[in-house]
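Examining the three-dimensional arrangement
Take a look at the letters that make up each chain.
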Amino acid sequence: MVKTLLCGMCADTGILCPSCKRKIESGELSETDVKLSLFLAKCLPESPVVVGTALDFGNYLLLITPSDPTQLIGRNGATAAKISKEMGKPVKIVTTRDDFRSIVQNLMHPCRITAINTLMSKGGDLLKVRVATSELRKLPIDITTLEKTVFELTGKKAKLVVE
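Now for a quick tour of the structure. As the structure is a computational prediction, the values presented were derived from the model and not from experiment.

Definitions and cut-offs
Residues numbered from 1 in each chain as written. Predicted model: local features only at pLDDT ≥ 70, side-chain atom pairs only at ≥ 80, totals over all residues. Heavy atoms only, no water. Axes fitted to C-alpha atoms, helices over the stretch in contact; angles between N-to-C directions. Helix = DSSP H or I, 4+ residues; strand = E, 2+ residues; numbered from the N terminus. Parallel < 35°, antiparallel > 145°, perpendicular 65-115°, else oblique. Left-handed = near helix turned anticlockwise from the far one by under 90°. Contact = heavy atoms within 4.5 Å. Nonpolar A, V, L, I, M, F, W, Y, C, P; charged D, E, K, R; others polar. Phe/Tyr/Trp six-rings, centres within 6.5 Å; stacked < 30°, edge-to-face > 60°. Lys NZ or Arg CZ within 6 Å of the ring centre and 35° of its normal. Salt bridge = Lys/Arg side-chain N within 4 Å of Asp/Glu carboxyl O. Buried < 20%, exposed > 50% of the residue type's maximum accessible area, 1.4 Å probe, protein only. Pairing = 2+ DSSP bridges. Right-handed = clockwise from strand over helix to strand, strands pointing away. Core = buried A, V, L, I, M, F, W, Y, C linked by side-chain atoms within 4.5 Å. Expected span 1.5 Å × (residues − 1).

1. With respect to the packing of helix α6 (residues 100-108) against helix α7 (residues 143-154)
Relative to each other, α6 and α7 sit at 140 degrees, their axes nearing to 11 Å. The angle between the axes of α6 and α7 places the two elements in the oblique class. Our pair here, α6 against α7, has a crossing hand that is right-handed. Residues Phe100, Ile103, Val104, Leu107 and Met108 of α6 pack against Leu146, Thr149, Val150, Leu153 and Thr154 of α7. Looking at the contact of α6 with α7, its residues break down into eight nonpolar, two polar and no charged.

2. A closer look at the packing of aromatic side chains
Given two aromatic rings, one states the distance between the centres and the angle between the planes to describe the pair. Scanning all chains against the criterion turns up zero aromatic pairs. Taking the ring centre of Tyr60 as reference, the NZ or CZ of Lys92 above it sits at 5.1 Å.

3. Here we look at the pattern of salt bridges
Under the criterion given, the structure shown has four salt bridges. One salt bridge in this structure joins Lys138 and Glu135, with 3.3 Å as the shortest N-O distance. According to the relative accessible area criterion, Glu135 is buried, its value standing at 7%. Residues joined in a network through salt bridges with shared partners are Arg112, Glu135 and Lys138.

4. A closer look at the sheet that holds strand β1 (residues 54-56)
Within a sheet, neighbouring strands are paired by backbone hydrogen bonds and run either parallel or antiparallel to one another. What the three strands build is an open sheet, ordered β1-β2-β3; its pairing is mixed. Across the chains shown, the open sheet's two edge strands, defined by having one partner strand only, are β1 and β3 (91-95). Pairwise comparison of adjacent strand axes, ignoring direction, gives a mean angle of 20 degrees for this sheet. With five bridges joining them, strand β2 (residues 61-65) and β3 adopt parallel strand pairing.

5. Some details on the pairing of strand β6 (residues 157-162)
Along any regular strand, the residues point their side chains to alternate faces of the sheet. Relative to β6, strand β5 (residues 126-131) runs parallel, the two being bridged by six bridges. Within the sheet, the bridge partner assigned to Val129 lies in β6 and is Leu160. In this region the chain leaves β5, passes through α7 and returns to the parallel neighbour β6; the handedness of that crossover is right-handed.

6. Quick look at the nonpolar core
Judged by nonpolar contacts, the single largest core of 23 residues is most densely connected at Leu62, Leu107, Met108 and Leu146. Taken together, the elements giving at least two residues each to this core come down to β2, α6, β5, α7 and β6. In terms of residue count, the dominant contributor to this core is α6 (five residues). Look past the residues within four positions of Leu62 in its chain and what remains in contact with it is Thr53, Ala54, Leu55, Phe57, Lys92, Val94, Leu107 and Thr149. Core analysis: the second largest hydrophobic core is formed by 18 residues, Leu36, Val49, Leu72 and Ile93 among them.

7. Concerning helix α3 (residues 31-43)
For α3, with 13 residues, the first-to-last C-alpha span of 18 Å sits near the 18 Å given by 1.5 Å per residue. Looking at the buried side of α3, the elements it contacts are α1 (8-13), α2 (18-26), β1, β2, α4 (70-73) and α5 (78-87).

8. Details of the sheet that holds strand β4 (residues 115-119)
Reading across the sheet, the three strands line up as β4-β5-β6 and stay open at both edges, with mixed pairing between neighbours. Where the open sheet ends on each side, the last strands, each with one partner, are β4 and β6. Recorded for the sheet is a direction-independent mean angle of 25 degrees between the axes of neighbouring strands.

Shown next as structure tokens:
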């Protein structure tokens, strides 16, 4: 069974229990998370997928999963297309199991990374993600949102440098 952010009972029935309602009221779950969880419980009832949170960037939806994303993508992208149709916007699926470079590359796709450098200081490491100026127009989200999202996913501070 697909493991969503909602409890199993709520995901199956579509009726929220008091515990899940509290999560929504406290801001732990967004309306997008609820809608996605309910849809995936119907769409992938027997799949062993673990669904993380969904971040809405306006022009697309970023779906974060700690498990293997192939079940969410589906054969030839069929499941991702269903999710995209249900949510009404393109969906990008990222796993947190990958290394730092892969996570950042998936977030920035189709923009290409030139290099990633590590700056070590007393306050902690800072990873500089270098991108060519010509590639900047391909960046799907703004720079500050990208830096914040990378920190949330990896726990590492990152700065995008345009050269």
